[in-house]
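This is what each chain is made of:
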Amino acid sequence: MAAMLINQLHALTSSRLAVIDIDAGVQAAARLLSRPGIGLVVACNASGGAEGVLSKSDLIRHLTRPTLSALPVSALMSRSVVSCSPQDDVHAVWQTMAARNLQNIPVIDGAASPLGILDVRDAMKALFQQEEMQEQMLFNYVTGLGYR
């Protein structure tokens, strides 16, 4: 069976996308991160290219700074971005996420523009559904029903 690509999860990944300007205030990022289903904000430059990411964990880690509210997103974001593209295999991306203990990963196109956010639960659900389908196809083949 063909590999499942990140692009096949576009409806899920695009609904989780939250983008912010790298010069925006931290409170603006906190408002985005407080929305249901949003666990990662992609910080972009004026051209719309991804420059970094800010997670809820990043924000909490920096709450002890006395001047937090005056800092821009660029001061707190992670610049070393682990991302995937729409053409990447979901299983390979999930393995990267698991190895690096990432809950979310941005989906970035060739021009560095963010397209969505892949949540580890969504990746696991998609992979599980793919396995169930393969199991059903094998069962149908073995029992003589053929492929359906």
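Scope of this entry: the structure provided in the associated data block. Computed from a predicted model, the values in this text were never measured in an experiment. (Residues numbered from 1 in each chain as written. Predicted model: local features only at pLDDT ≥ 70, side-chain atom pairs only at ≥ 80, totals over all residues. Heavy atoms only, no water.)

**Points about empty space enclosed by the protein**
If a probe the size of a water molecule is rolled over the atoms, the empty space left behind becomes visible. How we decide: Cavity means a closed set of points on a 1 Å grid over the protein atoms alone, one where a 1.4 Å probe fits but cannot get out, pocket means an open set with protein on both sides within 12 Å along at least 5 of 7 lines, and lining means a residue has an atom within 4 Å of a point. Grid points are joined across faces, edges and corners, and a volume is the space filled by probe spheres set on the points.
Using the criterion set out here, one finds one cavity of 30 Å³ or more in the structure. A volume near 30 Å³ is recorded for the largest cavity. Around the largest cavity sit Ile6, Asn7, His10, Thr13, Pro86, Val107 and Leu115, which together line it.

**As for the packing of helix H5 (residues 90-100) against helix H6 (residues 120-142)**
To describe two helices that pack against each other, one gives the angle between their axes and the distance between the axes. Under the convention used in this document: Orientation is described by lines fitted to C-alpha atoms, with helices fitted over the stretch in contact, and by angles between N-to-C directions that extend from 0 to 180 degrees. Every helix listed is a DSSP run of H or I at least four residues long, and every strand listed is a run of E at least two residues long, numbered separately from the N terminus. These descriptions rest on fixed angle ranges, namely under 35 degrees for roughly parallel, over 145 for roughly antiparallel, 65 to 115 for roughly perpendicular, and the rest for oblique. Handedness of each helix crossing follows the sense of rotation of the near helix against the far helix: counterclockwise by less than a right angle gives left-handed, clockwise gives right-handed. Contacts are residue-level and defined by heavy atoms, with any inter-residue pair within 4.5 Å sufficient.
Orientation of H5 relative to H6, taken along the N-to-C sense of each, is 140°, at an axis distance of 10 Å. The angle between H5 and H6 falls in the class oblique. For the element pair H5 and H6, the recorded crossing hand is left-handed. Across the interface between the two elements, Val90, His91, Trp94 and Met97 from H5 touch Val120, Ala123, Met124 and Leu127 from H6.

**With respect to the layout of surface pockets**
Basically, it comes down to this: Put simply, Ala, Val, Leu, Ile, Met, Phe, Trp, Tyr, Cys and Pro go in the nonpolar bin, Asp, Glu, Lys and Arg in the charged bin, and everything else, Gly too, in the polar bin.
As a volume, the largest pocket reaches approximately 350 Å³. Lining the largest pocket are 18 residues, and of these Leu40, Ser55, Leu102, Gln103 and Asn104 sit closest to its centre. At the level of secondary structure, the elements contributing two or more residues to the lining of the largest pocket comprise strand S3 (50-55), helix H3 (56-61) and strand S4 (104-108). Class assignment for the residues of the lining of the largest pocket results in seven nonpolar, eight polar and three charged.

**Observations concerning the pattern of salt bridges**
It is possible for side chains of opposite charge to pair when their charged atoms get near one another. What counts is decided by this rule: Salt bridges are defined by distance alone: a side-chain nitrogen of Lys or Arg within 4 Å of a carboxyl oxygen of Asp or Glu. Think of it in three bands: with a 1.4 Å probe and only protein chains considered, a residue is buried below 20% of the maximum accessible area for its type, exposed above 50%, and partly exposed in between.
Within the structure shown, the criterion is met by three salt bridges. Notably, a salt bridge pairs Arg16 with Asp122, separated by 2.7 Å at the nearest N-O pair. Residue Arg16 is found in the loop between helix H1 (10-15) and strand S1 (19-21), and its partner Asp122 is found in helix H6; the two are separated by 106 residues along the sequence. In this structure, the salt-bridge partner of Arg61 is Asp58, at a minimum N-O distance of 2.4 Å. Of this pair, Arg61 and Asp58 both sit in helix H3, three residues apart, which is roughly one turn of that helix. Here Asp58 falls in the buried class, since its relative accessible area comes to 6%.

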